[in-house]
Amino acid sequence: SPWTIDWHPTENRLLIGGEFNGIYEYNMDTGELSFPLTLPSPAIHVLYAVQGTTVVSAHADGTIRVSNLKTGEQQSQSAHKCPVLCMALCNSSSIVLSVDEENNVALWRFPTLEKIGRLIPGQSHMHHDITVRPKIGLSADSSRLLLIHNNDRQPELRLWKLNN
């Protein structure tokens, strides 16, 4: 079943990842569903990059992959120690941020996926009576990063100011 989708930046197409070991692309104008990428691990999160010609994907096996959508060629990969649940690509398209199921946030150079480092804990805001799946997001200008995840007691929001 599908776990994630992403809209193409300029066309009426969707990327679809999920428990199958690959990524589908759906053309909303023609109704065509293609299976352009076969990968060894389920895609938990997918993003279009480079005007929709490249796919950045996060996987259950802890890998992050950068793949050419047309050829299927994998350009690079790197790994967390556990499943990667969410990613964000900075507006400059030079940095990928990823969060794994242990709430580790890593920064990677795009498209090489050379590891830049990890974020230290940001500002923390606690909320009671909600359970969330970790998500990461960037402000429109890529100057702030927000992570929401569960800690031992309740969901937590963390906010970082980024220097691009």
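Residues numbered from 1 in each chain as written. Predicted model: local features only at pLDDT ≥ 70, side-chain atom pairs only at ≥ 80, totals over all residues. Heavy atoms only, no water.

Undergrad: Give me a nonpolar patch on the surface: which residues, what numbers.
TA: Taken together, the side chains of I5, W7 and M28 define a hydrophobic patch exposed on the protein surface, amounting to about 310 Å² of accessible area. Along the chain, the position of M28 falls in the loop between strand 3 (22-27) and strand 4 (33-38). Of the residues examined, M28 reaches a relative accessible area of 33% and is grouped as partly exposed. (Patch = residues over 30% accessible without salt bridge, like charges linked within 9 Å, V, L, I, M, F, W, Y side chains within 5 Å. Areas by Shrake-Rupley, 256 points an atom, 1.4 Å probe, with all protein chains shown as cover. Salt bridge = Lys/Arg side-chain N within 4 Å of Asp/Glu carboxyl O. Helix = DSSP H or I, 4+ residues; strand = E, 2+ residues; numbered from the N terminus. Buried < 20%, exposed > 50% of the residue type's maximum accessible area, 1.4 Å probe, protein only.)

Undergrad: Give a detailed account of the environment of P83, specifying residues and quantitative values.
TA: As for its position among the elements, P83 is in the loop between strand 8 (74-79) and strand 9 (84-89). Considered as a pair, P83 and E101 are 18 residues apart in the sequence and their alpha carbons are 5.9 Å apart. Contacts of P83, omitting those with residues within four sequence positions, involve I44, H59, A60, G62, D100 and E101. (Contact = heavy atoms within 4.5 Å.)

Undergrad: Please give an account of the sheet that holds strand 4 that cites residues and values.
TA: One open sheet holds the four strands; their spatial order is 1-2-3-4, and the pairing between them is antiparallel. A strand with exactly one partner marks an edge of an open sheet, and here the two such strands are strand 1 (2-7) and strand 4. For this sheet, the mean angle separating the axes of adjacent strands, direction not counted, is 25°. As judged from the four bridges shared by strand 3 and strand 4, these two strands associate in the antiparallel manner. (Pairing = 2+ DSSP bridges. Axes fitted to C-alpha atoms, helices over the stretch in contact; angles between N-to-C directions.)

Undergrad: Break down the layout of surface pockets for me, with residues and values.
TA: What the largest pocket holds in volume is close to 220 Å³. Along its surface, the largest pocket is lined by 14 residues, and P9, Y48, A49, V50 and L89 are the ones closest to its centre. Mapped onto the lining of the largest pocket, the elements with two or more residues apiece are strand 1 and strand 5 (43-49). Per-element accounting of the lining of the largest pocket gives the leading share, three residues, to strand 5. (1 Å grid on protein atoms, 1.4 Å probe; cavity = no way out; pocket = protein on both sides within 12 Å on 5 of 7 lines; lining within 4 Å. Points joined across faces, edges and corners; volume = space filled by probe spheres on them.)

Undergrad: Describe in detail the pattern of salt bridges, supporting the description with residues and values.
TA: Applying the stated criterion to the full structure yields four salt bridges. Across the pair E11 and R13 runs a salt bridge, and its minimum N-O distance is 2.9 Å. Residue E11 is classed as partly exposed on the basis of its relative accessible area, which comes to 42%. Notably, a salt bridge pairs E25 with R13, separated by 2.8 Å at the nearest N-O pair.

Undergrad: Give a description of the sheet that holds strand 11 (residues 105-109) that names residues and reports values.
TA: If you walk across this open sheet you meet the four strands as 9-10-11-12, and the pairing is antiparallel. If you trace the sheet from one side to the other, it starts and ends with strand 9 and strand 12 (115-118), each paired once. Pairwise comparison of adjacent strand axes, ignoring direction, gives a mean angle of 20° for this sheet.

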